[in-house]
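Structural overview for review
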Amino acid sequence: EVDVGSDKQIAELLDRIQAQGWWRDLVARAKGSQALRAEMSPNAGAYVGGEQLAACVRPERNSRLMMVDLLPNGQVVLLYPVEPDEIRAWHSPGSTSSLAKVNVQAPYGLDNVLVLAFEYEWLGVKALPRSPSSFRADGWAPLLAELKSNGGKISAVSFPVATYAPSTGRAALGSQPCR
């Protein structure tokens, strides 16, 4: 249940709804060759604040990988790659990589995570926002355009991730390696 008693709350709710529409468009455009396997580790998509979130990713083709999170408040954040060596990394077919070991923090709720595998070097990743920002931010438009023009050479896996405040009574689990 969402309290929408003020104009600000109504505007935030509308922004979250529009962000969900943008996200669906992003995922739909990323349906390429589907040469990618990905899953969250270790907690089946449920994390407590302070826990470490990671994705276990296995491309079936030589790929550059990317992981993006649509936060519960409608903002978008790039989780991987963020470091220069991550941006330059090629991931070999059949080998499993653990991506984006980040600590879960507010806002809590239901996130949507998208893992992308590019079969080519896309330099636009360097310009994507590194901190949570609106999907309307200038930095995200090139990603949507890239997916539209080269969707056949980009594979994607999308899944929900539930995040909880530390005080919810759910026990934190330690990070486990990818299988």
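The written sequence of each chain sets the order in which its residues are numbered from 1. Owing to the predicted nature of the model, reporting of local features is limited to residues with pLDDT of at least 70; listing and counting of side-chain atom pairs is limited to 80 or more, with chain, interface and lining totals taken over all residues. Based on all heavy atoms of the structure, the side-chain values leave hydrogens and waters out of the count.

Note the cis peptide between Tyr80 and Pro81, where omega equals 0°. Residue position: Pro81 is located in the loop between strand 5 (75-80) and helix 2 (84-88). For the peptide bond that leads from Ala106 to Pro107, omega is 5°, which places it in the cis range. Each helix is a run of DSSP H or I of at least 4 residues and each strand a run of E of at least 2, with the numbering of both proceeding from the N terminus.

Attention now moves to the packing of aromatic side chains. Pairing of aromatic rings covers Phe, Tyr and the six-membered ring of Trp, with a centre-to-centre limit of 6.5 Å; geometry is then stacked below 30 degrees between planes, edge-to-face above 60, and tilted otherwise. Throughout the structure, instances matching the rule amount to 4 aromatic pairs. Summarising the aromatic geometry, the rings of Phe118 and Trp122 are spaced 5.6 Å apart at their centres and angled 10° between planes, so their arrangement reads as stacked. Both residues of the pair, Phe118 and Trp122, count as buried. Clustering of aromatic rings is evident, with ring pairs tying together Trp22, Phe135 and Trp140. Burial status follows relative accessibility: with a 1.4 Å probe on protein chains alone, a residue under 20% of its type maximum counts as buried, one over 50% as exposed, and anything between as partly exposed.

Per-residue pLDDT for the protein has a mean of 82; in total, 85% of the residues score no lower than 70. The predictor attaches a confidence to each residue, and that confidence, scored 0 to 100, is pLDDT. When pLDDT is averaged over each element of the protein, helix 2 comes out on top at 93 and strand 1 (residues 36-41) at the bottom at 76.

Next up on the list: the packing of helix 1 (residues 7-29) against helix 3 (residues 141-150). For any two helices packed against each other, the geometry is given by the interaxial angle and the distance between the axes. Close contact between helix 1 and helix 3 brings their axes to 8 Å; oriented N to C, the two are set at 35°. Where helix 1 crosses over helix 3, the handedness of that crossing is left-handed. Across the interface between the two elements, Trp22, Asp25, Leu26 and Arg29 from helix 1 touch Leu143, Leu144, Leu147 and Lys148 from helix 3. As a rule, the C-alpha atoms of each element are fitted with a line to give its axis, helices using only the stretch in contact, and angles between N-to-C directions run from 0 to 180 degrees. If you view the pair so one helix is near and one far, a crossing is left-handed when the near helix is turned anticlockwise from the far one by less than a right angle, and right-handed when it is turned clockwise. Contact criterion: two residues are considered in contact whenever any of their non-hydrogen atoms come within 4.5 Å of each other.

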